[in-house]
Amino acid sequence: FYGTEETSRFLLNKVSSLELKLSSLNGDISSQELRVANLAGLSEKTGSELESELSFSVSQHVLQSGIVSNIKYALQSLNLKKEELTQKYTDRHPDVIAVNAQIADLHRDLKLQVENAHRVEKGTLQEMQARRSAVLRELTDVRRELDKVPDIERELGEIDAKIAGLEALEVTQEIGLCV
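Residues numbered from 1 in each chain as written. Predicted model: local features only at pLDDT ≥ 70, side-chain atom pairs only at ≥ 80, totals over all residues. Heavy atoms only, no water.

**Some points on the overall build of the chain**
When its secondary structure is counted, the chain shows five helices and zero strands. Each helix and strand of the chain, ordered N terminal to C terminal, gives the series α-α-α-α-α. A buried classification covers 23% of the 179 residues belonging to the chain. Once local pairs closer than 6 in sequence are excluded, the contacts in the chain between residues at least 24 apart make up 79%. Of the roughly 12400 Å² that the chain leaves accessible, carbon and sulfur atoms contribute 54%. (Helix = DSSP H or I, 4+ residues; strand = E, 2+ residues; numbered from the N terminus. Buried < 20%, exposed > 50% of the residue type's maximum accessible area, 1.4 Å probe, protein only. Contact = heavy atoms within 4.5 Å. Areas by Shrake-Rupley, 256 points an atom, 1.4 Å probe, with all protein chains shown as cover.)

See below:
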């Protein structure tokens, strides 16, 4: 059984710990919200627009994966090959058509990777928000408990006063019996 002073100290430490945890979660959530927003913007792009968008530094750190790197490398190679072929042939040449088809396939794969990353990051954001909600609930509960401590102190004081009164009554009764 804690005394009220120890209870108050324990609850104040718990509030402090939960507020620190909440502050950290809020920072992580803000970063995650930006990541999700960037991926949502990338998800709306297709083809060469998505490819060029992913070459910018802001987008690169949002979506870092070996698969995406391989796709981007393959696209660079195919785009160079296409450039060489279009200098010799028209767009109707079978080799140019084949390279264009490969590029289109890689663009679809790239879009799928971006959409998958967006879903994963969105799920992570929802988990973080759920953790924040749980910490907020716990913080609210601990603060309510802390608010009750003065009432408990008052009630304990009243009980102590009643006990002292009963003890005094008992002493006077004993004295009365002795006389």
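Following the structure, the description resumes.
**Section: the confidence of the model for the chain**
Per-residue confidence for the chain gives a mean pLDDT of 87; residues scoring 70 or more make up 89%. Element-level mean pLDDT values for the chain span from 53 in helix α3 (residues 57-62) up to 92 in helix α4 (residues 66-88). (pLDDT = per-residue confidence, 0-100.)

**A short note on the nonpolar core**
In this structure, Leu42, Leu50, Leu54, Leu75, Leu110 and Val114 are the most contacted members of the largest nonpolar core, which totals 16 residues. Only α1 (4-43), α4 and α5 (94-178) provide two or more residues apiece to this core. Among the elements that take part in this core, α5 stands out by supplying seven residues, more than any other. When neighbours within four sequence positions are excluded, Leu50 is seen to be in contact with Leu42, Lys45, Leu110, Lys111 and Val114. Membership of the second largest hydrophobic core comes to nine residues, among which are Leu11, Val15, Val142 and Val149. (Core = buried A, V, L, I, M, F, W, Y, C linked by side-chain atoms within 4.5 Å.)

**Some details on a nonpolar patch on the surface**
There is a patch of nonpolar side chains on the surface, built from Ile152, Leu156, Ile159 and Ile163 and spanning about 320 Å² of accessible area. Residue placement: Ile159 occurs in helix α5. (Patch = residues over 30% accessible without salt bridge, like charges linked within 9 Å, V, L, I, M, F, W, Y side chains within 5 Å. Salt bridge = Lys/Arg side-chain N within 4 Å of Asp/Glu carboxyl O.)

**Some words on the pattern of salt bridges**
Under the definition given, this model contains seven salt bridges. As a salt-bridge pair, Glu19 and Arg143 come within 2.3 Å of each other at their nearest N and O atoms. On the criterion of sequence distance, the pair formed by Glu19 in helix α1 and Arg143 in helix α5 is long-range, its members being 124 residues apart. The exposure class assigned to Arg143 is partly exposed, which follows from its relative accessible area of 37%. Note that Glu121 is salt-bridged to Arg35, the shortest N-O span being 3.9 Å. With Glu121 in helix α5 and Arg35 in helix α1, this residue pair connects regions lying 86 residues apart in the sequence. Looking at Arg35, the relative accessible area reads 29%, which means it is partly exposed.

**What to know about the side chain of Gln32**
Following the sequence through the fold, Gln32 ends up in helix α1. The class of Gln32 is buried, set by a relative accessible area of 3%. Once you skip the residues sitting within four places of it in the chain, Gln32 turns out to touch Glu121, Thr124, Leu125 and Met128.

**Considerations on the environment of Asn116**
With respect to the helices and strands, Asn116 occurs in helix α5. Between the C-alpha atom of Asn116 and that of Ser43, which follows or precedes it by 73 residues, the distance is 9.3 Å.

**Points about the side chain of Lys111**
In this structure, Lys111 sits in helix α5. Every residue in contact with Lys111, bar those within four places of it in the chain, is listed here: Ser43, Glu44, Lys45, Thr46 and Leu50.

**Things to note about the environment of Glu19**
Residue classification places Glu19 among the partly exposed positions, given a relative accessible area of 36%. The residues touching Glu19, leaving out its near neighbours within four places in the chain, are Leu139 and Arg143. Here Arg143 takes part through its side chain, which lies 2.3 Å from a polar atom of the side chain of Glu19. (Polar contact = N/O pair within 3.5 Å; in protein donor to acceptor, adjacent residues only side chain to side chain.)

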